[in-house]
Amino acid sequence: MVSVSLCMIVKNEEDVLERCLNSVSNLVDEIIIVDTGSTDRTKEIAARFTSLIFDFPWRDDFAAARNASFAHASMDYCMWLDADDVLLEADQAAFLALKQTLDPDVSVVMAPYHTGFDESGRCTFSYYRERLIKNHAGMGWAGAVHEAVTPVGKVFYADFAVTHRKTRPGDPDRNLRIYQAQLSAGKPLEPRHRFYYGRELYYHRRWEEALSVFESFLSEGRGWVENNIDACCHCAYCREQLGQPDAALAALLRTFAYDRPRAEVCCELGRWFFQRERYGQAAYWYTLALACPRDDRRGGFVSPDCYGYLPCIQLCVCHSRLGDQKRAEAFNELAAACKPDDPAAAHNRTYFQSLQ
């Protein structure tokens with residue numbers, strides 16, 4: 001069985017750290033905590049779980065801090081978590097099973113990261129992240145923000161997921177501030193970070209600046225296919241905010257130049273036509289979304305609702321507006337099968353019953 005060092009960087013996490021460590025402390029063989037300047041009870045809580053607590057002066061560089069935490073690891077693999085992450089009970093069992101069966105030749109274990117949830121707690125946004133990295137194999141973190149490890153060697157896709165459970169908002173300006181400091185210092189951003197810089201500008205509602213960054217990123221032709229597709233979608237969002245609906249549609253269609261349709265893009269196209277009451281065309285795109293295969297391992301951002309619930313509930317409305325109530329009701333039942341407690345589906349059921 002392989003051994004695992006949990007390597008965490010923390011700062012003022014007294015509200016969530018114990019929850020995180022309780023979910024994982026019995027699964028790992030070593031816990032390393034690197035504190036970047038806590039002024040609360042974070043280190044006191046960490047000391048209940050480990051004596052391996054180290055200070056690291058924060059310098060606006062997440063990769064540097066994570067590499068510092070990995071440097072203290074002594075086990076076969078390094079595992080990273082943020083303080084507001086947890087492993088749910090089923091994922092704890094899957095993690096233990098993985099430890100017992102993992103081929104020691106594996107260099108990187110990729111695992112789903114669940115970061116968005118609906119009101120019932122179902123995952124609505126996820127993506128694979130490098131979660132276990134073989135120790136002393138020459139891999140390290142890169143990127144002051146949105147840091148990542150580039151996998152080398154044998155990669156294994158695991159079944160256990162890490163669940164991100166925020167309890168409070170973070171600093172919404174931090175990432176943008178770090179990127180702009182790098183640019184002010186004359187440090188050019190690599191393609192991946194230009195993509196994320198565009199997203200940060202978008203989050204700050206700086207539509208024209210974000211659009212310029214995304215268009216420049218795409219024109220260079222050096223981006224990863226998943227980032228290219230996402231950048232096209234964000235160009236569309238910016239165009240809509242700038243009052244350019246036709247250009248927004250063109251940006252969504254541009255995604256097909258990079259790869260086959262994604263359900264997420266098809267749902268966006270369906271939304272574009274739906275908002276203009278062009279229900280037949282909207283239904284076409286929502287139907288295509290249902291035909292798109294879901295492949296989380298391609299590494300992009302995944303919205304699970306786009307592969308079932310969302311197109312079905314929208315097809316219900318589209319066919320109802322087109323006058324086909326029987327077909328609309330059938331799609332409503334498919335949506336309800338995806339989310340049995342969905343209030344929209346329950347409301348639609350009442351409506352269809354009233355027509356009988």
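To be clear, the structure that these remarks concern was listed above.
Remember, it's a predicted structure, so these values are computed and weren't measured experimentally.

## Considering unusual backbone geometry
Inference 1: Here aspartate 60, not a glycine, exhibits a phi torsion of approximately 55°, which is positive.
Inference 2: Locating aspartate 60 in the fold gives a position in the loop between strand 3 (53-55) and helix 3 (62-71).
Inference 3: Aspartate 60 gets classed as partly exposed once you look at its relative accessible area, which sits at 35%.
Inference 4: With a phi close to 50°, histidine 146 is a non-glycine residue in the positive phi region.
Inference 5: On the secondary structure map, histidine 146 appears in the loop between strand 8 (141-142) and strand 9 (148-149).

## Points about the environment of cysteine 123
Inference 1: One can find cysteine 123 in strand 7 (residues 123-134).
Inference 2: Residue classification places cysteine 123 among the partly exposed residues on the basis of a relative accessible area of 21%.
Inference 3: A sequence separation of 182 residues divides cysteine 123 from aspartate 305, and the C-alpha atoms of the two residues are 8.7 Å apart.
Inference 4: In this view, cysteine 123 contacts His114, Gly116, Phe117 and Pro304; residues no more than four positions away in its chain are not counted.

## Points about the packing of aromatic side chains
Inference 1: Scanning the model with the defined rule gives 22 aromatic pairs in all.
Inference 2: Look at tyrosine 127 and phenylalanine 301: their rings are 5.1 Å apart centre to centre, the planes differ by 80°, and that puts the pair in the edge-to-face class. Pair noted here: tyrosine 127 is in strand 7 and phenylalanine 301 is in the loop between helix 11 (279-291) and helix 12 (309-321), with a separation of 174 residues, a long-range link. Across the pair, exposure class does not vary: tyrosine 127 and phenylalanine 301 are buried alike.
Inference 3: Seen from their ring centres, tyrosine 128 and tyrosine 157 are 5.1 Å apart, and the 75° between their planes marks the pair as edge-to-face. Taken as a pair, tyrosine 128 in strand 7 and tyrosine 157 in strand 10 (residues 154-157) lie far apart in primary sequence, 29 residues in all.
Inference 4: For tyrosine 128, a relative accessible area of 11% translates into the label buried.

Reading guide: rules and limits
For every chain, the first residue of the written sequence is number 1, and numbering continues from 1 onward in sequence order. With pLDDT at 70 or above as the cut-off, local features in this predicted model cover only qualifying residues; side-chain atom pairs require 80 or more to be listed or tallied, and sums for whole chains, interfaces and linings still use all residues. Calculation of side-chain values draws on the structure's entire complement of heavy atoms; hydrogens and water are dropped beforehand. Here a helix means four or more residues in a row that DSSP labels H or I, a strand means two or more in a row labelled E, and each is numbered from the N terminus. Throughout this description, buried means an accessible area under 20% of the type-specific maximum (1.4 Å probe, protein chains only), exposed means over 50%, and partly exposed covers the range between. The contact definition used throughout considers only heavy atoms, calling two residues in contact when any of these lie within 4.5 Å. Note on aromatic contacts: the rings of Phe and Tyr and the six-membered ring of Trp form a pair at centre separations within 6.5 Å, being stacked when their planes are under 30 degrees apart, edge-to-face when over 60 apart, and tilted otherwise.

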